[in-house]
Amino acid sequence: MKRYRVTALYEQPPLERTVELCAETAERAMVKALIERRLPAHFARDEKGWYQPVLWRPELAGPRRWPTLVGRDTLVWGEGQGGERRLRFYVVDCGEQG
């Protein structure tokens, strides 16, 4: 397996979060980072107005709960009350593990 550096690009608030992990492909690395809760799915304001990370869980999304790759750099999931979520990534290959 290869090691990848996965960076999520959030729109609101505008920031980036990065994690390194092992996966078979760059696309799987994006999904793995989200599903294993190593990167937040999005950010939401708390009762005091501060942005707090919201980790992914299947209940967030309703019927279309599993992330689907759209293009080469975007994961999409969710519908219904929670609305559709999109998260853009860029992935850097860090070479073979070990």
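Structure: above.
Model, not experiment: these values are computed from the prediction. (Residues numbered from 1 in each chain as written. Predicted model: local features only at pLDDT ≥ 70, side-chain atom pairs only at ≥ 80, totals over all residues. Heavy atoms only, no water.)

S.K.: I would appreciate a short explanation of the pairing of strand β1 (residues 2–10) in the present structure.
M.R.: The side chains of a regular strand alternate between both faces of the sheet. Direction of pairing for β1 relative to strand β2 (residues 15–23): antiparallel, over a ladder of 9 bridges. Its bridge partner being in β2, Tyr4 is matched across the sheet by Leu21. Hairpin remark: β1 followed by β2, antiparallel, with 4 residues in the connecting loop. Judged from the 7 bridges that link them, β1 and strand β7 (residues 85–96) form a sheet pairing that is antiparallel. Along β7, the bridge assignment pairs Leu9 with Arg88. (Pairing = 2+ DSSP bridges. Helix = DSSP H or I, 4+ residues; strand = E, 2+ residues; numbered from the N terminus.)

S.K.: Can you help me understand the sheet that holds strand β5 (residues 68–70) in this one?
M.R.: Where strands meet in a sheet, backbone hydrogen bonds hold them as pairs that are either parallel or antiparallel. Taken together, 5 strands build an open sheet; the order of strands is β2-β1-β7-β6-β5 and the sheet is antiparallel. Single-partner strands in this sheet number two, and they are β2 and β5. With direction set aside, neighbouring strand axes in the sheet form an average angle of 35°. On top of the sheet, helix α1 (residues 26–35) reaches β1, β2, β5, β6 (74–77) and β7; it is set at about 115° to β2, its chief contact. (Axes fitted to C-alpha atoms, helices over the stretch in contact; angles between N-to-C directions. Contact = heavy atoms within 4.5 Å.)

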